[in-house]
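Understanding the architecture of this molecule
Residues per chain, in single letters:
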Amino acid sequence: MTIHASTRLSTPAGPVPADAPAWNRQRRSQMPSHRYRDAFARVDIPAADQAIQRSWPANRLTSAPLWVPVDLRDGNQALAEPMDPERKRRFFELLVTMGYKEIEVGYPSASQTDYDFVRLIAETDLAPDDVTIVVFTPARRDLIERTVASIRGIRNEVVIHMYTATAPVWRDVVLGRDRAELAELILAGGEDVLRLAGDSPNVRFEFSPEVFNLTEPDYVLEVCDAMTTLWDAAPARPVILNLPATVEIATPNVYADQIEYMHRNLARRDSVILSVHPHNDRGTGIACAELAVLAGAQRVEGCVFGNGERTGNVDIATLALNLHAQGVDPMIDFSDIDEIRRTVEYCNRIEIHPRHPYVGDLVHTAFSGTHQDAIKKGFAEHRERAAALGRDEREIDWRVPYLPIDPADLGRSYDAVIRVNSQSGKGGVAYLLETAYGIELPRRFQIEFARHVQRHTDAGGGEATASELWELFRTTYLGDITTGPRLTRYDSTDAGTEITLTVDGVTHAGEHPGVGPVEALTAALAEHGIAIEVLSLHQSSIGSGADTDALTLVEYRDGSGVVAWAAGSNRSVLAATLDAIIRAAQRSAEASY
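Nothing here was measured: the structure is a model prediction, and the numbers come from that model. (Residues numbered from 1 in each chain as written. Predicted model: local features only at pLDDT ≥ 70, side-chain atom pairs only at ≥ 80, totals over all residues. Heavy atoms only, no water.)

1. Examining the sheet that holds strand S1 (residues 66–69)
This is how the line gets drawn: We treat two strands as partners when DSSP finds at least two bridges between them. Runs of H or I in DSSP of at least four residues are treated as helices and runs of E of at least two as strands, each being numbered from the N terminus. The axes used here are C-alpha line fits, helices contributing only the stretch in contact, and every angle between their N-to-C directions lies in the interval 0 to 180 degrees. A contact between two residues is defined here by any heavy atoms of the two lying within 4.5 Å.
The sheet built from 8 strands is open, its strands ordered S1-S8-S7-S6-S5-S4-S3-S2 with parallel pairing. The open sheet has two edge strands, S1 and strand S2 (102–106), and neither has a second partner. For this sheet, the mean inter-axis angle between neighbouring strands, taken without regard to orientation, is 25 degrees. Pairing between S2 and strand S3 (residues 132–138): 4 bridges, direction parallel. Bridging from a neighbouring strand, Ile103 pairs with Ile133 of S3. Contacts from helix H3 (residues 85–98) reach S1, S2 and S3 within the one sheet, and its direction differs from that of S2 by about 175 degrees. Against the sheet, helix H8 (residues 217–230) makes contact with strand S4 (158–165), strand S5 (203–210), strand S6 (239–245) and strand S7 (272–278), and its axis sits at roughly 170 degrees relative to S5, the strand it touches most.

Listed below in structure tokens is the structure:
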């Protein structure tokens, strides 16, 4: 057998450790692991030798913390191409719609775009009255002044979030200050914040000792207590102390011990909102956040799907839906998770991984026949139990094998996914069409097409061949439709696009200045009461070589809110795309008759 590997790789050939059991034959590798120290050698772990004081392992998660999405600031800083104003506004509106009540909106001293977005909130009614606006600033006077200037006139409650890195390596290498000098700098920043914004009744304060998890516990406690004293933290005007795992360094239980130490020892504890901001360098950010809440944290900062620098910030969607799966209301609405995903992907210009918890295209897909069989039986039992109880299926306890929650809670259907993949186990609908005809089908389109395939195979009682699947595809998506509008002509120039439609036997021509053919066609359809919102476009080809037709698949939402797919085919990619949009309009019209 030939093993192909990178020339840099070598099979571990060092000695088997002397203390290894006989059943473990792993050998030492060439990785220079000796260069790194574990967390216990780098910082004191408060509860490591005080296990009797550790109470978090016995606690349970029974309610949601206050979620604070930082996508518009921390997440935005992690993007190769930061959000433009339109994307930032769209993301903010999504967060509000989902139910977030405290949102970090930007770093106004870092860029004009962020400053202008904060001013937009101040000068419009973009933020509902019950949403708290958070702005971020370093502990530096000129940047604090610009931050305070950005929030002038905001009617909402505002949190000014000041941060400074406190860990020894950052003090020595980055800031060049000892403990006393850095504490003086932090307090000076806190005094500037208080002087500039302390008289504003709608403004509260937040402090983050950045890299908290690598900072000496006694020092971070000293600095945090000094800040709550300076800002006169009180139950009526609490101070947020945010304790970031800026770079993950240890297992989540270590972070929980650090949080519980602060929770137990902070002064003015009843006047402090204890917050955490885990990152995901070790891939355990979610576990760190969950254990931190068990240890006393009341507030969690993160990003909707975990976007952030390096391996990301903590993933609020997973945290919230983990609570949902345990019977705890997450206090945030994920009931249309595909729409949330589409918006986040558009704003971040980053696709969500298909195996991402809860939101990925494949998370409710079972390729294993044994899994599929168990899930099908679970659905059958669920329906039978609902009928026996005389209750709606959405109201009874959920206990379907392999599915921690009902996909319908997220606006998804499982049946179509399992049917597609049940056939994928025998070659697969998508596999057969791609290998026989070169057609690439996006995952969400496979879900819709699977319904047609299932009806076809149920009626015939046999396995569908590639030619049968293509014929079914062609008749379902490319066949003639007698109802609805028709595109008679289009002409596109640099100045705009002319669209000629035939609707109810009458021909209408219209100019659409400054837009391309796709936007012009949807606008022309809208003028005749046919609403088609294009959600995504997927282009493929039929066959291979030069003599092929283009195939465009369009995911759309019609005027009644139904999300579906349509297809168009032509030698021209543009013509195929316009054909798909017209078919979407025709299918919508046909469904309304």
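2. Regarding helix H4 (residues 112–123)
Put simply, the rule is: Here, expected helix span is obtained from the residue count minus one, scaled by 1.5 Å. A simple rule labels every residue: compare its accessible area, found with a 1.4 Å probe on the protein chains alone, to the largest value its type can have, and call it buried under 20%, exposed over 50%, or partly exposed in between.
Compared with the 16 Å implied by 1.5 Å per residue over 12 residues, the 16 Å span of H4 between its first and last C-alpha is a close match. Restricting attention to buried positions, one finds in H4 the residues Asp114, Tyr115, Phe117, Val118, Arg119, Ile121 and Ala122. Residues of H4 that are buried in the fold lie against helix H2 (71–77), H3, S2, S3 and helix H5 (141–151).

3. Here we look at the nonpolar core
Our working definition: Throughout this description, the term nonpolar core refers to a set of buried Ala, Val, Leu, Ile, Met, Phe, Trp, Tyr and Cys residues connected via side-chain atoms within 4.5 Å.
One finds Trp67, Phe92, Tyr100, Val105, Ile259 and Phe334 to be the most contacted residues of the largest nonpolar core, which totals 90 residues. The residues contacting Val105, other than those within four sequence positions of it, are Leu72, Lys88, Phe92, Phe117, Val118, Ile121, Ile133, Val134 and Val135.

4. Remarks on the layout of surface pockets
Let me state the cut-off plainly: Two kinds of site are reported from a 1 Å grid over the protein atoms alone, namely cavities, where a 1.4 Å probe fits but cannot get out, and pockets, open sets with protein on both sides within 12 Å along at least five of seven lines, and residues are called lining when an atom falls within 4 Å of a point. Grid points are joined across faces, edges and corners, and a volume is the space filled by probe spheres set on the points. Throughout, the ten residues Ala, Val, Leu, Ile, Met, Phe, Trp, Tyr, Cys and Pro are labelled nonpolar, Asp, Glu, Lys and Arg are labelled charged, and all others, Gly among them, are labelled polar.
Taken as a whole, the largest pocket encloses approximately 600 Å³ of empty space. Along the wall of the largest pocket there are 24 residues; nearest its centre are Arg341, Glu345, Glu351, Arg444 and Ser536. With 6 residues, the top contributor of residues to the lining of the largest pocket is strand S12 (residues 532–542). Of the residues assigned to the lining of the largest pocket, the class counts are 10 nonpolar, 4 polar and 10 charged. The computed volume of the second largest pocket comes to approximately 470 Å³. Together, 20 residues line the second largest pocket, and Asp338, Gly411, Ile447, Arg451 and Val563 are the ones closest to its centre. Contributing elements (two or more residues each) for the lining of the second largest pocket: helix H12 (337–348), helix H16 (443–460), strand S13 (549–558) and strand S14 (563–570).

5. Considering the UniProt feature "domain: Pyruvate carboxyltransferase" (unreviewed entry) in the protein chain
To keep things clear, this is the line we draw: UniProt positions are given in the numbering used here, feature names are shortened, and annotations may be inferred rather than shown by experiment.
In the numbering adopted here, UniProt assigns the feature "domain: Pyruvate carboxyltransferase" (unreviewed entry) to residues 65–338. Between the end C-alpha atoms of residues 65–338 the distance is 24 Å, and the span holds 44% helix and 18% strand.

6. Observations regarding the UniProt feature "binding site: Mg(2+)" (unreviewed entry) in the protein chain
Our working definition: Under this definition, polar contacts are N or O atom pairs within 3.5 Å; protein pairs additionally need one hydrogen-donor-capable and one acceptor-capable atom, and for neighbouring residues in sequence, both atoms have to be side-chain atoms.
Under the UniProt annotation, the feature "binding site: Mg(2+)" (unreviewed entry) is placed at Asp74, His277, His279 and Asn313. For this annotated set, covering 240 residues, all C-alpha atoms fall within 10.9 Å of each other, a compact arrangement in space. Its place among the elements puts His279 in the loop between S7 and helix H10 (285–294). Its relative accessible area of 6% is what places His279 among the buried residues. Apart from residues no more than four positions distant in its own chain, His279 is found in contact with Asp74, Ala245, Thr246, Glu248, Gly285, Glu309, Arg310, Gly312 and Asn313. Along the chain, the position of Asn313 falls in the loop between strand S8 (299–302) and helix H11 (316–324). Since its relative accessible area comes to 2%, Asn313 is described here as buried. Reaching out from Asn313, the side chain makes a polar contact with the side chain of His279 at a distance of 3.3 Å.

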